[in-house]
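A look at the structure
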Amino acid sequence: MSRVAIDDQREQAEELLDGIELDDDLLDPGDPQHPARVSWTVRLRRVRPTVVLSWLVIGIAVLWAFVPGWFTAYDPISGDAAAALQAPSLEHLFGTDATGRDMYARVVYGAVNSLSGALIAVTVGLAVGTLLGVVAGTIGGVVDDIIMRVVDVLLSIPGLLLSLSIIIILGFGTVQISIAVGVGSIASFARLARSEVLRVRGSDYVEAAYGSGGRFWPVLFRHVLPNSLTPVLALAALNFGGAILAISALGFLGYGAPPPTPEWGLMIAEGRNYIATAWWLTSLPGLVVVVVVLAANRLSAVAAERGRRG
């Protein structure tokens with residue numbers, strides 16, 4: 001046999017071996033080409049640093065709200081007049097205010113008011129708005145027309161103005177402004193829930209469920225609602241960051257928790273009279289609000305992206 005023929009057969013044998021898929025159990029787990037190692041490598045490459053950083057920020061904010069004593073030993077209410085208006089240092093990370101209170105302690109203890117308020121606002125908007133949207137999309141007819149006209153009216157009013165109007169009725173306080181912010185978001189949840197219910201109701205598998213003898217309520221709870229609420233939950237995650245910002249803005253205007261309660265918006269408002277001589281009183285609490293809101297919006301964008309893929 002000629003040497004050329006031997007080389008051709010060798011190349012064919014190598015191509016045949018390359019095309020054979022080996023069993024994963026026969027491969028060395030320490031081999032970099034092992035499927036398990038390759039999958040972990042691919043997963044690590046897919047991890048986005050901004051997402052990890054956002055989870056870290058939200059995790060720290062949540063720990064501030066639940067266990068603030070882990071992060072500071074200072075009292076957020078009482079201060080030392082001799083230590084008033086001290087600049088940020090190792091002893092006082094965010095400096096002190098005009099009464100000598102540690103600003104870092106006030107930011108840490110203020111997380112519970114801002115985050116709980118945002119949670120209440122999102123819960124109100126999600127529960128009431130989704131209920132209205134599902135009822136409108138499911139029943140239709142005159143009920144749909146009435147609900148959507150109310151939603152149109154709510155959408156025509158600026159959110160801040162609507163919140164202020166509700167606060168006048170309910171009064172001042174963290175819970176009151178949270179409910180007011182939540183009412184302002186009902187319309188967006190209702191419109192999205194209604195559109196998703198109408199989209200799912202017209203799908204083939206829902207028609208098949210009705211055609212196979214399915215009744216209205218079982219089909220609604222088994223097929224329509226589970227497949228239409230994913231975008232609504234993504235909107236709730238997106239509104240969480242906006243609710244923190246809105247509650248801080250209303251607290252800045254003086255409609256939130258009364259002094260000396262630590263609340264992020266209130267702290268920014270209290271420091272504005274000293275902005276020329278004590279910049280940290282407004283800048284550092286404001287920076288915390290910005291970072292937490294950006295982190296919440298980043299995670300909500302990731303949740304919405306996964307919801308569209310799913």
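Reference entry: report on the structure contained in this document. Quantities reported herein were computed from a predicted structural model and do not represent experimental measurements. By convention here, each chain's residues receive numbers from 1 onward along its written sequence. Only residues with pLDDT of at least 70 get local features here, since the model is predicted, and only at 80 or more are side-chain atom pairs given and counted; chain-wide, interface and lining totals rely on the full set of residues. Heavy atoms from the whole structure form the basis of all side-chain values; hydrogens and water molecules are not counted.

Secondary structure summary: the protein chain contains 13 helices and zero strands in total. Working definition: helices are DSSP H or I runs of at least four residues, strands are E runs of at least two. Numbering for both runs from the N terminus. Ordering the α and β elements of the protein chain from the N terminus gives α-α-α-α-α-α-α-α-α-α-α-α-α. For every residue, the accessible area (1.4 Å probe, protein chains only) is compared with the maximum for its type, and the residue is labelled buried under 20%, exposed over 50%, or partly exposed between those bounds. For the protein chain, buried positions account for 37% of its 310 residues. Residues are treated as being in contact if the distance between any of their heavy atoms lies within 4.5 Å. A fraction of 67% describes how many contacts in the protein chain between residues 6 or more apart in sequence connect residues 24 or more apart. Each accessible area is a Shrake-Rupley result for a 1.4 Å probe, and residues are judged covered by the shown protein chains and nothing else. Carbon and sulfur atoms form 65% of the exposed surface of the protein chain, whose accessible area is close to 17800 Å².

Quick look at a nonpolar patch on the surface now. A cluster of nonpolar side chains, contributed by Ile-120, Ile-168, Ile-169, Leu-170, Val-175 and Ile-179, occupies part of the molecular surface with about 560 Å² of accessible area. Only helix H6 (159-170) and helix H7 (174-184) provide two or more residues apiece to the nonpolar patch. Looking at the nonpolar patch, the element that brings in the most residues is H6, giving three residues. For patches, a residue must show more than 30% relative accessible area and have no salt bridge; joins then use 9 Å for like charges and 5 Å for nonpolar side chains, namely Val, Leu, Ile, Met, Phe, Trp and Tyr. We count a salt bridge whenever a side-chain nitrogen from Lys or Arg sits within 4 Å of a carboxyl oxygen from Asp or Glu.

On to the nonpolar core, then. Generally speaking, a soluble globular protein has its nonpolar side chains buried in company with each other. As used in this record, nonpolar core signifies buried Ala, Val, Leu, Ile, Met, Phe, Trp, Tyr and Cys residues forming a set joined through side-chain atoms within 4.5 Å. Among the nonpolar cores identified, the biggest contains 46 residues, and Trp-64, Phe-94, Val-107, Ile-244, Trp-264, Val-288 and Val-292 are the most heavily contacted of them. Going through the elements one at a time, helix H3 (49-66), helix H4 (103-139), H6, H7, helix H8 (186-201), helix H11 (230-252), helix H12 (264-271) and helix H13 (280-309) are the ones with two or more residues in this core. Top contributing element to this core by residue count: H13, with 11 residues. Ignoring any residue separated from it by four or fewer positions in sequence, one finds Val-288 in contact with Trp-64, Phe-94, Val-107 and Trp-264. Among the nonpolar cores identified, the runner-up in size contains seven residues, and Val-197, Val-200, Val-219 and Leu-220 belong to it.

Let's shift gears to the pattern of salt bridges. Applying the stated criterion to the full structure yields six salt bridges. Two residues, Arg-101 and Asp-97, come together in a salt bridge whose shortest N-O distance is 2.8 Å. Residue Arg-101 is classed as buried on the basis of its relative accessible area, which comes to 9%. Asp-97 gets classed as buried once you look at its relative accessible area, which sits at 7%. One continuous salt-bridge network, built from bridges that share partners, spans Asp-97, Arg-101, Arg-106 and Glu-270.

What follows is about the packing of aromatic side chains. When the centres of two rings from Phe, Tyr and Trp lie within 6.5 Å, Trp using its six-membered ring, the rings pair. Their planes under 30 degrees apart give stacked, over 60 give edge-to-face, and anything left gives tilted. With the rule as written, the count across this model stands at five aromatic pairs. Ring centres of Phe-94 and Tyr-104 lie 5.3 Å apart, and the angle between their planes is 80°; on these two criteria the pair is classed as edge-to-face. Here Phe-94 is found in the loop between H3 and H4, whereas its partner Tyr-104 is found in helix H4, with 10 residues between them in sequence. Take Phe-94 and Tyr-104: they sit in the same class, and that class is buried. Ring geometry for Phe-172 against Tyr-255: centres 5.2 Å apart, planes inclined by 85°, an arrangement best described as edge-to-face.

Right, let's get into the packing of H8 against H11. Two measures define how a pair of helices packs: the angle their axes make with one another and the distance between the axes. One way to put it is that H8 packs onto H11 with a least axis distance of 9 Å and a crossing angle of 160°. The angle between the axes of H8 and H11 places the two elements in the roughly antiparallel class. The hand of the H8/H11 crossing is right-handed. Contact residues: Ser-188, Phe-189, Leu-192, Ala-193 and Glu-196 in H8; Pro-231, Val-232, Leu-235, Ala-236 and Asn-239 in H11. Of the residues contributing to the contact of H8 with H11, the split by class is seven nonpolar, two polar and one charged. For helices, the axis comes from a line fit to the C-alpha atoms of the stretch in contact; other axes are also lines fit to C-alpha atoms, and the angle between any two N-to-C directions lies between 0 and 180 degrees. For classification purposes, an angle smaller than 35 degrees is called roughly parallel, one larger than 145 roughly antiparallel, one from 65 to 115 roughly perpendicular, and anything else oblique. By convention the crossing between two helices is left-handed if the near helix lies anticlockwise of the far one by an angle smaller than a right angle, and right-handed if it lies clockwise. Here the term charged refers only to Asp, Glu, Lys and Arg, the term nonpolar to Ala, Val, Leu, Ile, Met, Phe, Trp, Tyr, Cys and Pro, and the term polar to all other amino acids, Gly among them.

Glancing now at H11. Take the residue count of a helix, subtract one, and multiply by 1.5 Å to get its expected span. The end-to-end C-alpha distance of H11, which contains 23 residues, comes to 34 Å, matching closely the 33 Å that a straight helix rising 1.5 Å per residue would cover. The largest bend in H11 is about 30°, located at Phe-240. Positive backbone phi, approximately 100°, marks Gly-254, located one or two places after H11. To obtain the bend at a residue, axes are fitted to the seven residues ending there and to the seven starting there, and the angle between these axes is taken.

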